[in-house]
Every structure is written in structure tokens, then in C-alpha cells.
Amino acid sequence: MSKVAAVTGGAQGIGKAIAWAFADAGYELAVADVDREAGNELMRELGRRGAKGFFMPVDISDEQQVGRWFKLIDADLGRLDALINNAGISRNAPMLELPLASFDQVIGVNLRGAFICSQQAARRMKTRGAGSIIHIASTRALMSEAHTEAYSASKGGLLALTHAMAVSLGPFGIRVNAISPGWIETADWQKSSASRQPVHSERDRLQHPAQRVGTPQDIAAACLYLSGQDAGFITGHNLVIDGGMTVKMIYED
Ligand SMILES: NC(=O)c1ccc[n+]([C@@H]2O[C@H](COP(=O)([O-])OP(=O)(O)OC[C@H]3O[C@@H](n4cnc5c(N)ncnc54)[C@H](O)[C@@H]3O)[C@@H](O)[C@H]2O)c1
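This write-up is about the structure you can find in this document.

Calculation rules
- By convention here, each chain's residues receive numbers from 1 onward along its written sequence.
- Local features are withheld for residues below a pLDDT of 70 in this predicted model, meaning they are given only at 70 or higher, and side-chain atom pairs are given and counted only at 80 or more; totals for whole chains, interfaces and linings count all residues.
- To obtain the side-chain values, all non-hydrogen atoms of the structure were included, while hydrogens and water were left out.
- Only runs of H or I of at least four residues qualify as helices and only runs of E of at least two qualify as strands under DSSP, and these elements are numbered from the N terminus.
- Throughout, radius of gyration means the C-alpha value; the globule benchmark is 2.2 Å times the number of residues raised to the power 0.38.
- The buried label goes to any residue with under 20% of its type's maximum accessible area, the exposed label to any with over 50%, and the partly exposed label to all in between, with areas taken from a 1.4 Å probe on protein chains only.
- Only the protein chains shown count as cover for residues, and all accessible areas are computed by the Shrake-Rupley method using a 1.4 Å probe.
- The sign given to each residue is positive for Lys and Arg and negative for Asp and Glu; His and the chain ends receive no count.
- The atoms used to mark charge sites are NZ of Lys, CZ of Arg, CG of Asp and CD of Glu.
- Each residue after the first adds 1.5 Å to the expected span of a helix.
- A residue's bend is the angle separating two fitted axes: one through the seven residues that end there, the other through the seven that start there.
- Paired strands, in this sense, are two strands between which DSSP finds at least two bridges.
- Angles run from 0 to 180 degrees between N-to-C directions of axes, and those axes are lines fitted to C-alpha atoms, restricted for helices to the stretch in contact.
- By convention a crossover is right-handed if, when the strands point away from the viewer, the path from the first strand over the helix to the second runs clockwise.
- Each aromatic pair joins two rings of Phe, Tyr and Trp (for Trp, the six-membered one) with centres within 6.5 Å, and gets the label stacked for planes under 30 degrees apart, edge-to-face for over 60, and tilted for any other angle.
- A ring is considered to have a charge above it if a Lys NZ or an Arg CZ atom is located within 6 Å of its centre and within 35 degrees of its normal.
- A single heavy atom is enough: if one lies within 4 Å of a molecule or strand, its residue is considered near that molecule or strand.
- A pocket, in this scheme, is an open set of points on a 1 Å grid over the protein atoms alone with protein on both sides within 12 Å along at least 5 of 7 lines, while a cavity is a set where a 1.4 Å probe fits but cannot get out; residues line either one if an atom lies within 4 Å of a point.
- In this scheme, a molecule is assigned to a cavity or pocket if more than half of its atoms are within 2 Å of the grid points.
- Grid points are joined across faces, edges and corners, and a volume is the space filled by probe spheres set on the points.
- By the convention adopted, Pro, Cys, Tyr, Trp, Phe, Met, Ile, Leu, Val and Ala count as nonpolar, Lys, Arg, Asp and Glu as charged, and the other residues, Gly among them, as polar.
- In these notes, a set of buried Ala, Val, Leu, Ile, Met, Phe, Trp, Tyr and Cys residues joined through side-chain atoms within 4.5 Å is what counts as a nonpolar core.
- Contact between two residues is taken to exist if any of their heavy atoms lie within 4.5 Å; hydrogens are not considered.

### Some details on the overall build of the protein
- The helix and strand inventory of the protein stands at seven helices and seven strands.
- Walking the protein from its N terminus toward its C terminus, one meets helices and strands in the order β-α-β-α-β-α-β-α-β-α-β-α-α-β.
- Scaling as 2.2 N^0.38, a compact globule of 253 residues should have a C-alpha radius of gyration of about 18 Å, and the protein matches this with 18 Å.
- For the protein, buried positions account for 49% of its 253 residues.
- Of the roughly 12500 Å² that the protein leaves accessible, carbon and sulfur atoms contribute 52%.
- Positive and negative side-chain charges in the protein, numbering 25 and 26 respectively, have mean positions lying 7 Å apart.

Structure follows, in C-alpha cells:
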């Protein structure tokens, strides 16, 4: 029986690269995303690559919708090995003007949504005594530009959720890790109607110690590794994938 991976926000961007990577590694897929057009396009592409699984339009901040998604995973795929909580939004605005509704929306999707999906997944993984959950956080959980309070708080919350869940779920054979991406260029991983050419200046690239910006595949490869047996002793960890930006000391002249 094939392994099964569930990916939120898996229809576009980093999540799409994660879905492709797990499909290429032989996993069956359950992809949830609010964008129906992008989800259907992804499934056509995966079908051409011989991958199995389904896409379902799901808003992960809605407990009922998430519940229906996991019931379909039970019915259609019959097991769950990996959950990647990738879906995320931002509503950046000056802190003194940010509407509370926007703050609640960002926390609702990025943090509460990840928790709702994790509860559903962990109940199933506990029955099998094995599983991997990965939260896609951000280097903005660790450092900030101005006007990013809601997003940064949601991603900081995911890091705390990672160590709390790792401790709670360890006895059930479930490992929980976070990945904190830095600047990842997703322009050419959007649905065809929204696809753009990535544009980077030399300055953009060279400010990274790794001399380039990141790609969705950089994150997807780490998700695959952290979900596999070679990472069996890694839990509660936050893997920063940012080309070295957060370790770079900056002094202005
Ligand atoms: N791109 C970056 O530079 C970067 C850096 C750090 C962290 N991240 C994080 O990586 C993740 C993916 O980012 P991305 O750049 O690929 O974003 P993206 O906007 O390209 O893709 C996000 C996907 O999530 C879906 N989505 C949004 N709200 C949803 C909801 N409520 N329920 C289900 N699906 C929903 C969108 O429809 C979209 O398909 C996010 O959590 C983001 O915060 C991205």
C-alpha cells in the first residue's frame, strides 16, 4: 500500500512543489486549497506524471471543511503518513492601522488552521503509531521588517506549536518539525492564469550568502527528508532554509 501525504495550500507555490516531490517519491496525495482552478490544474499535471490522489477545495480555517477533507482521505486513500501544513496568507499593514479582522484572519489560517489539520492528522497517525507533521513557518518568526505583526505572530506561533506537539505526540510515534523558509521565488509555480516570470536583480541574489534566492524545490526536498525514515531522530526541530540570510550580520555605513 502506497504512503499518503496531505498537503495544505498544495495547489500553487511552495505547496505545489511539495505535492510534486511527494508524488515523484511514490506517495499518494490529498491536496487541500481554496483555489479550485489551481487545484484542478495541479491534479491534471500530476495525473500526466502517473501520480494518484485527489484535490479538494478546503478552507483550512474552517473546522467542518477540514473534517470532510480527512473523512475523504480515510475513504479514498485509507492511511496517512505525512501532513504538511503549508497554506498561509499575509495581510501586512502599518501596525497602528491593521484592522483586527485582518489580524484574526491571518492567525485563523496560518496558526489555527494548522492546528485543526494537525488534530485530525494526529488522531489517524496515533492509530498506526507513526507519522510526520511539518509546519511551514517563516524566517519572519525569528526576525522582522516593519508592518508584519500578524504574519510574524502566526509564524512564531507555529514554532511554539512545533515543540509543544513534538513533546505531546512523540509517545505515539509522531514526529513534528517546522521549516522556516526565507525568500522563495514562487512566480513560476502559480496556476497558469497567474504565472509570471521571476525577476531578480544581481543585488537580490548576492545579498544571500548562498548567492541566490530560494526555490520551492529547496523546501520540498526538506519536507521529503523530514517525513522519511532517515529523519527518524529529528523532532521538535525548526529547519531554517534561507540561503544564510538570518545568520548574516548587517552593519550600515
Ligand atoms: N514564498 C516565500 O518567500 C515564503 C517565505 C517564507 C514562508 N513562506 C510560507 O510558505 C507557505 C507557502 O507560501 P507560498 O509563497 O507558496 O504562497 P502562495 O500564495 O504561492 O501559495 C499558497 C497557497 O495556499 C492557498 N491558501 C491560502 N489560504 C488558504 C486557506 N485558508 N485554506 C487552504 N488553502 C489556502 C492559496 O490558494 C495558495 O494556493 C506559506 O505558509 C508562506 O507563509 C513563503
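Resuming the write-up.
### Things to note about helix α4 (residues 100-128)
- The terminal C-alpha atoms of α4, which comprises 29 residues, lie 41 Å apart, in line with the 42 Å expected from a rise of 1.5 Å per residue.
- Residue G108 marks the point of greatest curvature in α4, where the axis turns by about 40°.

### Observations regarding the sheet that holds strand β4 (residues 82-85)
- Overall, parallel pairing links the seven strands, which are arranged β3-β2-β1-β4-β5-β6-β7 in an open sheet. The two strands at the open ends of the sheet, each matched to only one other strand, are β3 (53-57) and β7 (238-241). Neighbour-to-neighbour, the strand axes of the sheet open up by a mean angle of 15°, direction not taken into account.
- Note: strand β1 (residues 4-8) against strand β2 (residues 28-33), five bridges, orientation parallel.

### Notes on the pairing of β2
- Taken across its six residues, β2 has six buried, putting it largely inside the fold.
- Side chains E28, A30 and A32 of β2 all project onto a buried face; the interleaved residues L29, V31 and D33 project onto the opposite face, where all are buried too.
- Crossover handedness for the path β1 to helix α1 (residues 13-24) to β2: right-handed.
- Here β2 pairs with β3 via five bridges, running parallel. When the bridges of β3 are listed, A32 appears paired with M56.
- Crossover handedness for the path β2 to helix α2 (residues 36-48) to β3: right-handed.

### What to know about the packing of aromatic side chains
- For the coordinates displayed, the defined rule picks out three aromatic pairs.
- Centroid distance W69 to F70: 4.9 Å. Interplanar angle 65°. Geometry classified as edge-to-face.
- For W69, a relative accessible area of 0% translates into the label buried.
- For R49, the ring lying beneath its charged end belongs to W20, and the centroid distance is 3.9 Å.
- Positioned over the ring face of F172 is K126, at 4.6 Å from the centre of the ring.

### Let's talk about the site of the ligand
- In the vicinity of the ligand there are 26 residues, among which I14, D33, N86, Y151 and K155 approach most closely.
- Starting from 830 Å² of accessible surface for the ligand in isolation, the protein chains cover 84%.
- Put simply, the ligand lies in the largest pocket.
- Within the residue set of the shell around the ligand, elements represented by two or more residues are α1 and α5 (149-169).

### Regarding the layout of surface pockets
- As a volume, the largest pocket reaches approximately 1500 Å³.
- Those elements that place two or more of their residues in the lining of the largest pocket are α1, β2, α4 and α5.
- The element that contributes the greatest number of residues to the lining of the largest pocket is α1, accounting for three residues.
- Per-class residue counts for the lining of the largest pocket are 17 nonpolar, 19 polar and nine charged.
- For the second largest pocket, the calculated volume is near 230 Å³.
- Surrounding the second largest pocket, 13 residues form its lining, K3, A130, G131, S227 and Q229 being those nearest its centre.

### Looking at the nonpolar core
- In this structure, W69, F70, L83 and I133 are the most contacted members of the largest nonpolar core, which totals 34 residues.
- For this core, the secondary-structure elements that each account for two or more residues are β1, β2, β3, α3 (63-76), α4, α5 and β6 (174-181).
- Not counting residues up to four positions away in its chain, the partners in contact with L83 are A6, T8, W69, F70, C117, S118, A121, M125, S132, I133 and I134.
- One finds V7, A23, V31 and L42 within the second-largest nonpolar core, a separate group that totals 30 residues.

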